[in-house]
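Topology and contacts: notes
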Amino acid sequence: MLVLGVESTAHSFGVSVVSDSPPYILSDSRRVYTPREGGILPREVAAFFSRVAGEVVREALESAGVRIGDVDAIAVALGPGMGPQLRVGATVARALASYYSKPLVPVNHAVAHVEIARFLTGLRDPIVLYVAGGNTAVVSYSEGRYRVFGETLDMPLGNLLDTFAREVGIAPPYVVGGMHAVDRCAEGGDFIEGLPYIVKGQDSSFSGLLTAALRMVRSGVRLADVCYTLREIAYSSVVEVLERGLAHTGRREVLLTGGVAASKILNDKIEAMARVHGAVYKPIPARYAGDNGVMIAVTGMAAYKWGYTIEVSRAFIRQRWRIDQVDVPWYYEFP
Amino acid sequence: MSSLKDMLGWVRGLEPVKRGAESEIRLGFFMGIPAIFKLRVPKPYMHPRLADILISQRTRKEAKVIAYALKHGIPAPRLLAVLPSIGLIVMEYVQGVTLKDYAYRDPRGALLYSRIAGSILGRLHEVGVAHGDPTTSNYIVSSDGGLKLIDYGLSDFTEDVEDKAVDVHLYRRAVESTHASIAAGMFEAFLEGYKGVLGGEALKVIERAEEIRLRGRYVEERRRSVWRALG
């Protein structure tokens, strides 16, 4: 069975073809929008997606060595994400499904981040830290769905790093050679006191940290030290929430997924935390940390095998589609 | 400094009874009194300075909440010593059984204690503190027949209805998951005790606790929904 997946929730337009037999991932094509200045403007990204969509679909099919006729189903991330970008992916997927009479499979982007991590590591029943530009949450499966154990009360971790970098003038570009601007800036920095560390019960909060860090930079504190401390506090607090989730749920496996999962330092911290608790941690390859079409295709394959499809006329985008609104009946049969 | 180090070494030599995510609990004597030694341990994944700062802050905070609760007549363990710099709190050892174990032995008596548990939490909320983990494992039926609420490690000063509702929800979840056959009665008695203290104020909290339950998070409840777009 072959499934083609379409991802377009944020800054990456990705298309992939996967098979249910080895080597599973047949292709993985993507284009990432990088702003010249400032942050991401949804309409500009959507316009960029519209320009590249056709060639990315063609490239994904050609490098997989299949024709659209061979594909059994089209999977698409209908949310959560930014409206204008989601509409491009949804339009492309609906058109393919409708024109070629293929079943259309709705996929939740957050569920897909977790599923690709389970798929790549083989860890079957983990507690998961999902950190990205748009999301920060600790989730684990319980009674049919991924449940949110803890999350950010205000801004996501990726957003914190991006906004800080932009405000102090070290980005864009936000990521160069797989390294975030804040990581680069933190080199040679040292821990300084005075920035707030906020974990309330099982939730973290970053807006106070951002404000305090910016104030420090403006008052003349060495930028490298602020970068270092900001990162140290932000990463430590999400790992602590993850640790509480691990203790609370009694899980034995730990996963990290989402764009920020590419960070070596965050990986090291989680590994150290897991070791103390005798839990298994396996990192995912950096390539699959960020948004991609493979995760949508892999999750779409599982959903399709359980009979999940959606009428083209009803395949609306869902910007605020929460991970705990999605049934995951394939959990124990996957990967 | 060296005396603090000696103290730390001596505490580490005591008999450990529990290892949590936050701290190690040991049993011993403090000036001849049976005592619990709660020692916060540094997180290996944090910068040592950050770990130290958090240990000291949290130790201070927990001791402050306990002292504040005691001052308001809430039955918390009495404090014997607090050493924030090494993350140590020494408290009286409350002899007795947890309400959780007690309920297995004497379900009828557990209803009465559940009512008292509700009034204790009500009093804590009345003076502006959320406990953070008020399960039946943290209520101790002491050998003299009294009931005490222990472990203020996740407690906070708050007037937020949501924080208080989470407390009520946690108690409900605890009785439902460990005392299924008498859960309904226990929770009802708990609410009676809670309302007995807070009166009309209690209703807002109980209503919110019900909302939390309906969000469907029986195992992993959380505070607020934030799906944010990239920004």
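Right above here is the structure, for reference.
**A closer look at the sheet that holds strand 6 (residues 96-98) of chain B**
Residues and elements named next belong to chain B. With antiparallel pairing, the 3 strands of this open sheet are ordered in space as 6-8-9. Because the sheet does not close on itself, it has two edges, and the strands there are strand 6 and strand 9 (147-149). Across the sheet, the mean angle separating the axes of adjacent strands is 30 degrees when strand polarity is ignored. Sheet analysis places strand 8 (residues 139-142) next to strand 9, joined by 3 bridges and oriented antiparallel. Paired with valine 141 across the two strands is leucine 147, which belongs to strand 9.

**Focus: the packing of helix 3 (residues 109-121) of chain A against helix 9 (residues 293-305) of chain A**
Residues and elements named next belong to chain A. Running from N to C, helix 3 and helix 9 point in directions that differ by 85 degrees, and their axes come no closer than 8 Å. Comparing the axis directions of helix 3 and helix 9 gives the class roughly perpendicular. Residues Val111, Ala112, His113, Glu115, Ile116 and Phe119 of helix 3 touch helix 9, and the partners they reach there are Val294, Met295, Ile296, Val298, Thr299 and Ala302. Counted by class, the contact of helix 3 with helix 9 contains 9 nonpolar, 2 polar and 1 charged residues.

**Observations regarding the pairing of strand 7 (residues 136-142) of chain A**
Residues and elements named next belong to chain A. Taken across its 7 residues, strand 7 has 6 buried, putting it largely inside the fold. As paired elements, strand 6 (residues 127-131) and strand 7 share 5 bridges and run antiparallel to each other. Residue pairing across strands places isoleucine 127 opposite serine 140, the latter belonging to strand 7. In terms of strand pairing, strand 7 meets strand 8 (residues 145-151) through 6 bridges, oriented antiparallel.

Criteria and thresholds
- Residues numbered from 1 in each chain as written.
- Chains lettered and ligands numbered in written order.
- Predicted model: local features only at pLDDT ≥ 70, side-chain atom pairs only at ≥ 80, totals over all residues.
- Pairing = 2+ DSSP bridges.
- Helix = DSSP H or I, 4+ residues; strand = E, 2+ residues; numbered from the N terminus.
- Axes fitted to C-alpha atoms, helices over the stretch in contact; angles between N-to-C directions.
- Parallel < 35°, antiparallel > 145°, perpendicular 65-115°, else oblique.
- Contact = placed C-beta atoms within 7 Å.
- Nonpolar A, V, L, I, M, F, W, Y, C, P; charged D, E, K, R; others polar.
- Buried ≥ 20, exposed ≤ 12 C-beta atoms within 10 Å, placed from the backbone.

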